[in-house]
Amino acid sequence: MIQDSGVAFLDRIDELGITLFGERDDTALESLLRTYKTQIYRSYEQDFPLVGPTYALIKVTNRCNSGCSYCNHSIYAKPQLNLADASTESIKKAIREVAELGVRSVNLSGGEPLLRPDLPDLISYACGQRLVSILLTNGLTLSERWEELGKAGLSYIIFSLDSLDAEQYRRQRGASFKQAWKGVEAALLLRDKYPPAAVHITTVVTRHNLAELPDFVQKMALYAVSVQFSPYHHFDTRVPDSNTPRDSTAVRETINELISLQESGCPIANSRAYLEHFPSFFEQPQVLPSWYRCYAAYVGVFIDAELNVRPCWSWSLPIVGNLEQDELRNVWYSSSFNQQRTRVRKLECSRCWLLCTAELSIRFMEWGQ
Ligand SMILES: C[S@@+](CC[C@H](N)C(=O)[O-])C[C@H]1O[C@@H](n2cnc3c(N)ncnc32)[C@H](O)[C@@H]1O
Ligand code: SF4
Ligand code: SF4
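This text gives an overview of the structure that appears in the document. (Residues numbered from 1 in each chain as written. Chains lettered and ligands numbered in written order. Predicted model: local features only at pLDDT ≥ 70, side-chain atom pairs only at ≥ 80, totals over all residues.)

1. Some thoughts on the pairing of strand S1 (residues 55-59)
Burial runs high along S1: 5 of the 5 residues are buried. Covered by surrounding structure in S1 are Tyr 55, Leu 57 and Lys 59 together with Ala 56 and Ile 58, the residues of both alternating faces. Bridge count between S1 and strand S2 (residues 105-109): 5 bridges; the pairing is parallel. When the bridges of S2 are listed, Tyr 55 appears paired with Ser 105. Once you follow S1 into helix H3 (residues 88-100) and on to S2, the crossover reads as right-handed. Note that S1 and strand S7 (residues 300-303) share 4 bridges and pair parallel. When the bridges of S7 are listed, Leu 57 appears paired with Phe 302. (Buried ≥ 20, exposed ≤ 12 C-beta atoms within 10 Å, placed from the backbone. Helix = DSSP H or I, 4+ residues; strand = E, 2+ residues; numbered from the N terminus. Pairing = 2+ DSSP bridges. Right-handed = clockwise from strand over helix to strand, strands pointing away.)

Spelled out as structure tokens, the structure:
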């Protein structure tokens, strides 16, 4: 049973609306959703999509300028991923094809997307395709680039920031906090100069920053910026897990404190159902709540830096197509994609609790309840 998140209903509509439907207007969304939600539920039952996705996440590069301790894009990661970027034209083809399939908002991610000199060109191309553009970034070089991104029509910045403590930030994300904070200030400048652009913080919860989180959200609230938490995932089992919190009581206490803050109006953008699963996730990462259904392979499409199409970000599910060789529409309705959808329904996957998929699925299930 999904409980009420305690966040004002319209706030939730905004978050989900922008990400999934590229839309803030709840009246427009209501009529859109009525048929869409039924179609997705029916699609899920038969492992075949009756409609296209509304959300796309494209990794525009595998390169990164940061050294996050938990990420396979880190400058310290070994072995290195393929660091050759796809061409501007190839990414534009991907953007065009997601738009043609019905996608409303496109999240440009990586690696670090700010490392691409052509990022403003990609954003304005996305705008030309009537897509809402979202940038997922570490923000380390945003202070040099926010004007050109704002002019290009960037709608939404999701800024990854794990701590307000310089030492802790460096330990977790392997980069300079000073530089990251300059990026936050640049994001706020962009928000203020180019409305309706919005800024939002995303934070990976580990054993190191856990105790800081209630303070963190309250400080970010002073800038009218909401925060969305994601639990650390120990993806690469070849490296020791130095990030999962082991003190279950401390996790429960912090999550309860965050929920209380949210109830009293603090801008925490997670759903309550998502937050409540944190303690169990850290104890038993592969056991998802019994009510949970993953809709990642229906409401979203995931394209990696080599233009492979994936059912979600999981390494446990195979690639279902490649946009250098095929059209996205063919891949989306292909039997190889549908085979993976069957596996997703049975949760024959790594069973993640990642923001970009679990939170979307929860919000989708909660929508209109
Ligand atoms: C891979 S990064 C790419 C975009 C950009 N470089 C950034 O850091 O925002 C996308 C998001 O995944 C998060 N992330 C990376 N590794 C993770 C892990 N092991 N567990 C949970 N989240 C992770 C990052 O913190 C970031 O918010
Ligand atoms: S900045 Fe983003 S892509 Fe780079 S290492 Fe950190 S989480 Fe990974
Ligand atoms: S639960 Fe996670 S790993 Fe499994 S299909 Fe959904 S997004 Fe992928």
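Resuming the write-up.
2. Focus on the site of ligand 2
The local shell around ligand 2 consists of Cys 64, Ser 66, Cys 68, Cys 71, His 73, Ser 74, Gly 110, Gly 111, Glu 112, Asn 138, Ser 160 and Arg 173. Taken together, the residues that form the shell around ligand 2 break down as 3 nonpolar, 7 polar and 2 charged. (Near = placed C-beta within 6 Å. Nonpolar A, V, L, I, M, F, W, Y, C, P; charged D, E, K, R; others polar.)

3. What about the sheet that holds S7?
Sheet strands pair via backbone hydrogen bonds, and the direction of the pair is either parallel or antiparallel. Taken in spatial order, the 9 strands line up as S6-S5-S4-S3-S2-S1-S7-S8-S9 in an open sheet, and their pairing is mixed. Each having just a single partner strand, strand S6 (226-231) and strand S9 (321-322) make up the two edges of the open sheet. Helix-sheet contacts for H3 involve S1, S2 and S7, and the interaxial angle to S1 is about 170°. (Contact = placed C-beta atoms within 7 Å. Axes fitted to C-alpha atoms, helices over the stretch in contact; angles between N-to-C directions.)

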